[in-house]
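Tertiary structure, described
Chain by chain, the residues run as shown.
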Amino acid sequence: MSAVSSRLPVFPWDKLEPYKATAAAHPDGIVDLSVGTPVDPVPDLIQRALVAAANSPGYPTVWGTAELRDALTGWAERRLGARDVAHTNVLPVVGSKELVAWLPTQLGLGAGDRVAYPRLAYPTYEVGARLCGAEPVSYEDPTELDPAGLKLLWLNSPSNPTGRVLDKAELTRIVAWAREHGVLLFSDECYLELGWEAEPVSVLHPDVCGGSYEGVVAVHSLSKRSNLAGYRAAFLVGDAAVLGELLQIRKHGGMMTPAPVQAATVAALGDDTHVAQQRARYVARRTALRAALEGHGFRIEHSEASLYLWATRDEPCWRTVAHLAELGVLVAPGDFYGPAGDRFVRVALTATDERVEAAVKRLG
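Everything numeric here is computed off the predicted structure, so don't read it as measured data.

Across the sheet, four strands lie side by side as β9-β10-β13-β12; this open sheet has antiparallel pairing. Of all strands in the sheet, those with a lone pairing partner are β9 (299–301) and β12 (332–333), marking the two edges. Two strands pair when backbone bridges link them, and β9 and strand β10 (residues 308–312) are joined in this way by three bridges, in the antiparallel orientation. Bridge pairing links Arg299 to Thr312 in β10. Packing against the sheet, helix α11 (residues 273–295) makes contact with β9, β10 and β13 (345–348), and its axis sits at approximately 5° to β10.

With an omega dihedral of -5°, the bond running from Ser157 to Pro158 counts as a cis peptide bond. Mapped onto the fold, Pro158 is located in the loop between β5 (150–156) and α7 (168–180). Going from Asn160 to Pro161, the amide bond is cis rather than trans, its omega being 25°. Its identity as a non-glycine residue notwithstanding, Asp84 has a phi of 55°, on the positive side. Locating Asp84 in the fold gives a position in the loop between α4 (66–80) and β2 (90–93). Positive phi, normally seen in glycine, also occurs at His302, with a value near 50°. Here His302 shows up in the loop between β9 and β10.

Here we take up the pattern of salt bridges. A side chain with one charge may pair with a side chain of the opposite charge, provided their charged atoms come close. The tally for this structure, following the rule as stated, stands at 23 salt bridges. The salt bridge involving Lys168 is made with Asp207; its shortest N-O contact spans 3.1 Å. Taken together, the residues span a long stretch of sequence, with Lys168 in helix α7 and Asp207 in helix α8 (residues 206–209) at a distance of 39 residues. Its relative accessible area of 33% is what places Lys168 among the partly exposed residues. What makes Asp207 partly exposed here is its relative accessible area of 47%. Between Arg355 and Glu354 there is a salt bridge, and its shortest N-O distance comes to 2.8 Å. Among the residues examined, Arg355 registers a relative accessible area of 15% and is labelled buried. Look at Glu354 and you get partly exposed, because its relative accessible area is 46%.

A separate point is the pairing of strand β6 (residues 184–188). In terms of residue burial, β6 counts as a mostly covered element, since five of its five residues are buried. Alignment of β6 against strand β7 (residues 216–221), held across four bridges, turns out to be parallel. Looking at β7, one finds that Ser187 is bridged to Ala218.

Core analysis: the largest hydrophobic core is formed by 60 residues, its most contacted members being Leu33, Trp154, Phe186 and Leu236. In contact with Leu33, other than residues within four places in its own chain, are Leu289, Val329, Leu330, Val331, Arg346, Val347, Ala348, Ala351 and Ala359. Val90, Ala116, Ala218 and Val237 belong to the second-largest nonpolar core, a separate cluster that totals 45 residues.

Looking now at the packing of helix α2 (residues 17–24) against helix α12 (residues 317–326). Across the interface, α2 lies against α12 with an axial gap of 7 Å and an inter-helix angle of 25°. One element, α2, and the other, α12, form an angle in the roughly parallel class. From α2, Tyr19, Thr22 and Ala23 reach across to α12, where they touch Trp318, Val321, Ala322, Ala325 and Glu326.

Further remarks concern the sheet that holds strand β3 (residues 114–118). The seven strands lie next to each other as β2-β8-β7-β6-β5-β3-β4, forming an open sheet whose pairing is mixed. Each of the sheet's edge strands pairs with one partner strand only, and the pair in question is β2 and β4 (135–139). Averaged over all pairs of adjacent strands, the angle between their axes in this sheet comes to 20°, without regard to strand direction. Pairing between β2 and strand β8 (residues 234–238): four bridges, direction antiparallel. When the sheet's bridge partners are listed, Pro92 is paired in β8 with Phe235.

A few words now on the packing of aromatic side chains. Enumeration according to the criterion identifies eleven aromatic pairs in this entry. Each ring, one from Trp13 and one from Phe336, has its centre 5.1 Å from the other, and the planes form 80°; the classification is edge-to-face. Within this pair, whereas Trp13 is found in the loop between α1 (2–5) and α2, its partner Phe336 is found in the loop between β12 and β13, the two being separated by 323 residues in sequence. Residue class for Phe336 comes out buried when judged on its relative accessible area of 8%. Grouping aromatic residues by their ring pairs yields a cluster made of Trp13, Tyr19, Trp310, Trp318, Phe336, Tyr337 and Phe344. The ring of Tyr308 carries Arg346 above its face, with NZ or CZ at 3.8 Å from the centroid.

What follows covers the packing of helix α5 (residues 96–106) against helix α6 (residues 124–132). Packing of α5 against α6 leaves a shortest axis separation of 7 Å and a crossing angle of 35°. The chirality of how α5 crosses α6 is right-handed. Contact with α5, carried on its side by Lys97, Val100, Ala101, Trp102, Pro104 and Thr105, involves Thr124, Tyr125, Gly128, Ala129, Leu131 and Cys132 of α6 and no other residues of that element. Of the residues in the contact of α5 with α6, the class split is eight nonpolar, three polar and one charged.

Rules of the game
- Residues numbered from 1 in each chain as written.
- Predicted model: local features only at pLDDT ≥ 70, side-chain atom pairs only at ≥ 80, totals over all residues.
- Heavy atoms only, no water.
- Pairing = 2+ DSSP bridges.
- Helix = DSSP H or I, 4+ residues; strand = E, 2+ residues; numbered from the N terminus.
- Contact = heavy atoms within 4.5 Å.
- Axes fitted to C-alpha atoms, helices over the stretch in contact; angles between N-to-C directions.
- Salt bridge = Lys/Arg side-chain N within 4 Å of Asp/Glu carboxyl O.
- Buried < 20%, exposed > 50% of the residue type's maximum accessible area, 1.4 Å probe, protein only.
- Core = buried A, V, L, I, M, F, W, Y, C linked by side-chain atoms within 4.5 Å.
- Parallel < 35°, antiparallel > 145°, perpendicular 65-115°, else oblique.
- Phe/Tyr/Trp six-rings, centres within 6.5 Å; stacked < 30°, edge-to-face > 60°.
- Lys NZ or Arg CZ within 6 Å of the ring centre and 35° of its normal.
- Left-handed = near helix turned anticlockwise from the far one by under 90°.
- Nonpolar A, V, L, I, M, F, W, Y, C, P; charged D, E, K, R; others polar.

The structure is reproduced here in structure tokens:
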């Protein structure tokens, strides 16, 4: 048991507990802007779909219902601009974190293989490499990597934590490089519908991938756009050969999205109104928090998309975390996402309007 866990870094959020206690002691309570977990209600039409499918006594299938696959292919074409997406080009997964953590294992990677991810990144990319015994490698520009032994390349645009968006030209260049060197490219696009000062583009857009999905897969989630983090609803779109192999493996592993969640996913992907309403909530919170942070002496970098502000006072990140905790505001230290973040903090937009207003007042 310990042989596997010893490969992994210390679970970072445990380090934040003393600062959480400090923030919670504020007379008006804590404003928790550390974890990007949705706080707004699940839209009614999604709840109704879940309830209507509640009488599901049989096992669901790993590939999902035909209705679900229709919803996935239709959404990918409508929202991502992808063309000719067939059922073989989609695969539901049990939340995107599960996929990120176990993908290298399911791809059969191990000792001698390398998995690359951005130098400022969601920690689970590294965890996935370490779980299977592969070598994790971080990059500033993936096309500068040595392709020898590189089996999996992760992109993340919009980025967690920085909110940076890779433009169409950058994505096109990286896809071409990965194909040239036979490197499988997975693009984590879970924040794609949350662009503020930039319009995120999928690697599946024909201008990027040339109309072919060979060697390219996009990862999408309903956690943020539809407030479904508690449902564990996510999916893959891309290379049919890769997804076909994953489907076979996941069948053996019983990695099935529950039938009511599949029905809820169909409802969520078929409605754009609730997405626009949720975007409006986040725009208001983002505007208020950004102005308050800048007024308090912070500088915001990138942050043109996603659910975070990447902020710095040009000091060690834990000093900033401690300062804000004294004000009753909890944020995530930038070094959770790599050494390059050691002078930044990540400020999540996922708090209620009332709590955001409280943070703004305290920063003022």
